[in-house]
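Tertiary structure, described
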Amino acid sequence: MKPSLEHCFKLMLLLLALGGVTMHVPDADVLSSLGALRLDGHFSFHDTSAMARDFGNRCSLLPAAVLHPGSVSDIATTLRHVFSLGERSPLTVAARGHGHSLMGQSQAAGGIVVRMESLRGSDRLQVVHGGMSPFVDAPGGELWINVLHETLKHGLAPKSWTDYLHLTVGGTLSNAGVSGQAFRHGPQVSNVNQLEIVTGRGDVVTCSPEENSDLFYAALGGLGQFGIITRARIALEPAPKMVRWIRVLYSDFASFTEDQEMLIMAENTFDYIEGFVIINRTGILNNWRTSFKPQDPVQASRFQPDGRVLYCLELTKNFNSDEADIMEQEVTALLSRLRYIRSTLFHTDVTYLEFLDRVHTSEVKLRAQGLWEVPHPWLNLLIPRSSIQRFAKEVFGKILKDSNNGPILLYPVNKSKWDNRTSVVIPDEEIFYLVGFLSSAPSLSGHGSVAHAMNLNNQIVEFCEEADIGMKQYLAPYTTQQQWKAHFGARWETFERRKHTYDPLAILAPGQKIFPKASLPLSL
Ligand code: FAD
């Protein structure tokens, strides 16, 4: 027997009280009014705890209701209804992609979580060849891996990616979507032609650079503040069949970053350029041997790292099987211009799909060891080029001298590929670096704990502030409007104006903690 609405409501109050969460909870009448809405899908008022979790695993806020939409109009009906309840209603609405946020950004304490994945499926993905400008229309709740599978059937693929593809279209477009292709194509938000959005007033709006452009740019990188993205038109390009995937090591940070910068600025270059930092790890080349081939096995086996910090440059070159010879020549020419440690050149050839879905392979292994669903106190920073050497000296030379608990990504991108009309906040310099400290915290105490990782994160952020590094956080977990204002700087006014236009009651994405419900001055 399903528990009654009243029972769920009491249970939620009890759980919130036990959890020590202070918040407004909608009363039973409000919840009944949701249950009475005529929808293609349905609301559930019980078993909502799965929507109170995310990848970060450090924040759990129970929603009052979960909307499983059967159509875009269900989302519009729900938002119109919540809007009609007015500013005194505490009800908020969070779109949830795949819940891969780090700190409750897709949660809604006592509010409604819209399970965007209910509206996905290959029948909702439409690939249009469109001559020179092919595109795919994808639901906001679709996973990028499914977008890839579908477009590959047409020999096409999106141009710009994230490292991990089990994220949703609406989720990454609400942040930026950055990976090793961003130097050429810009982040994912720079590769969208059109969006369909349900605003905080419940209006369904189609927008693009030509039509309702203010909402279009607001929503890209908009942290879910202006509307729920229900469809995105994503630019495609011909997909290569194969990828030459290369790794080389450096012990000198300056050579590593100069080479990275030279490669992202070069006319003829690699198709993907990233890098990561390796601290105090032994046997790194041995680990690579399971999936990569050394160029010179004898020299590789003799390699002895002379420092505790190494820097790995990771590159790919796309090719089709009839172009293998040309690819080899191009790769050889490009590598000859780099200053990596010669004995550390490793490579492998994999399909384009295998390369793009590479993090999922690690996910499967980590899940098997119980190491995926652990807390993830990640810190993602954007550091201007002019500060990266100072940053590295302090962070890799001092703060992280003993340990870190997860990969550290470090690669440059160029600002010219980021559209400054979107809501994404980046440093004010032509080249800036994405530096991701992707820590896992499997233990309750010691080096593998959340407390240890947070301590290191805080030291890094404090250093950036004290040394005036010009850093901006990506996927920022700020908790006060003051912090958000500082983050947006001169762009705050536009962000606030857009909020007032598209979500004046501050119903949407409460987990970002930017606008408490009904906090906007009504006269704005
Ligand atoms: P959610 O976490 O569910 O939502 C994120 C935010 O967007 C929330 O505020 C939510 O309310 C809002 N939202 C969700 N869907 C919509 C929608 N349709 N319309 C409007 N708002 C919406 N990011 C990168 O840029 N590059 C990477 O390489 C990268 N790698 C990652 C690897 C892993 C293993 C993980 C866990 C994350 C990675 N990310 C990366 C971060 C990723 O962009 C964020 O986790 C993002 O939150 C997407 O996750 P999601 O689709 O599950 O969205």
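Residues numbered from 1 in each chain as written. Predicted model: local features only at pLDDT ≥ 70, side-chain atom pairs only at ≥ 80, totals over all residues. Heavy atoms only, no water.

Taken as a whole and assessed by the stated rule, the structure comprises 22 salt bridges. Of the charged contacts, one joins Arg 244 and Glu 328 as a salt bridge, the two residues approaching to 2.9 Å between their closest N and O atoms. Of this pair, Arg 244 sits in strand E11 (residues 242–250) while Glu 328 sits in helix H11 (residues 324–336), and the two are 84 residues apart along the sequence. On the basis of relative accessibility, which here comes to 6%, the residue Arg 244 falls in the buried class. Classification of Glu 328 by relative accessible area gives partly exposed; the value is 35%. One salt bridge in this structure joins Arg 244 and Asp 349, with 2.5 Å as the shortest N-O distance. Of this pair, Arg 244 sits in strand E11 while Asp 349 sits in strand E15 (residues 346–351), and the two are 105 residues apart along the sequence. (Salt bridge = Lys/Arg side-chain N within 4 Å of Asp/Glu carboxyl O. Helix = DSSP H or I, 4+ residues; strand = E, 2+ residues; numbered from the N terminus. Buried < 20%, exposed > 50% of the residue type's maximum accessible area, 1.4 Å probe, protein only.)

For the rest of this paragraph, the subject is the sheet that holds E11. The strand order across the open sheet built from nine strands is E13-E15-E11-E14-E12-E17-E18-E16-E19, with neighbouring strands paired in antiparallel fashion. Edge positions in the open sheet fall to strand E13 (293–294) and strand E19 (472–474), since each of these has one partner strand only. As paired elements, E13 and E15 share two bridges and run antiparallel to each other. Bridge assignment links Lys 293 to a residue of E15, and that residue is His 347. Packing of H11 onto the sheet brings it into contact with E11 and strand E14 (309–319), and relative to E14 it is tilted by some 150°. Contacts from helix H15 (residues 450–466) reach strand E16 (379–384), strand E18 (431–437) and E19 within the one sheet, and its direction differs from that of E16 by about 20°. (Pairing = 2+ DSSP bridges. Contact = heavy atoms within 4.5 Å. Axes fitted to C-alpha atoms, helices over the stretch in contact; angles between N-to-C directions.)

Lining the immediate environment of the ligand, one finds 32 residues, of which Ala 95, Ser 101, Asp 163, Thr 168 and Tyr 474 sit closest. With respect to the ligand, the backbone of His 100 contributes an N or O atom lying 2.7 Å from an oxygen atom. A distance of 2.6 Å separates an oxygen atom of the ligand from a polar atom in the side chain of Thr 168. Computed on the free molecule, the ligand has an accessible area of 940 Å², of which 95% lies beneath the protein chains in the complex. Looking at the shell around the ligand, the elements that each hand over two or more residues are strand E3 (93–96), helix H5 (169–173) and strand E10 (227–238). Of the residues contributing to the shell around the ligand, the split by class is twelve nonpolar, 18 polar and two charged. (Near = heavy atom within 4 Å. Polar contact = N/O pair within 3.5 Å; in protein donor to acceptor, adjacent residues only side chain to side chain. Areas by Shrake-Rupley, 256 points an atom, 1.4 Å probe, with all protein chains shown as cover. Nonpolar A, V, L, I, M, F, W, Y, C, P; charged D, E, K, R; others polar.)

Right, let's get into the side chain of His 166. Structurally, His 166 can be placed in the loop between strand E7 (156–158) and H5. Taking relative accessible area as the criterion, His 166 reaches 14% and is therefore assigned buried. Among the polar contacts made by the side chain of His 166, one reaches the side chain of Asp 357 at a distance of 3.4 Å. Beyond its immediate sequence surroundings of up to four residues, His 166 is in contact with His 98, His 100, Leu 143, Ile 145, Asp 357 and His 360.

This part is about the UniProt feature "domain: FAD-binding PCMH-type" (unreviewed entry) in the chain. Using the residue numbers shown here, the UniProt feature "domain: FAD-binding PCMH-type" (unreviewed entry) corresponds to residues 59–239. Note that residues 59–239 is 21% helix and 26% strand, and that its end C-alpha atoms are spaced 39 Å apart. (UniProt positions renumbered as here; feature names shortened; annotations may be inferred.)

The subject of this paragraph is the nonpolar core. The tendency in soluble globular proteins is for nonpolar side chains to be buried as a group. In this structure, Leu 173, Leu 195 and Leu 249 are the most contacted members of the largest nonpolar core, which totals 83 residues. Counting residues per element, this core draws most heavily on helix H7 (residues 213–219), at five residues. Dropping the residues within four chain positions of it, Leu 173 is found in contact with Gln 188, Val 189, Val 192, Leu 195, Ala 219, Leu 220, Gly 221, Ile 229 and Ala 232. Among the nonpolar cores identified, the runner-up in size contains 47 residues, and Phe 183, Tyr 250, Ile 279 and Leu 456 belong to it. (Core = buried A, V, L, I, M, F, W, Y, C linked by side-chain atoms within 4.5 Å.)

Right, let's talk about the sheet that holds strand E1 (residues 42–44) for a bit. Taken together, the four strands give an open sheet; going across it, the order is E1-E2-E4-E3, and neighbouring strands pair in mixed fashion. Sheet topology places E1 and E3 at the edges, where each strand pairs with a single neighbour. Across the sheet, the mean angle separating the axes of adjacent strands is 25° when strand polarity is ignored. In this structure, E1 lies alongside strand E2 (residues 65–68), joined through three bridges in antiparallel fashion. What sits directly across from Phe 43, in E2, is Leu 67.

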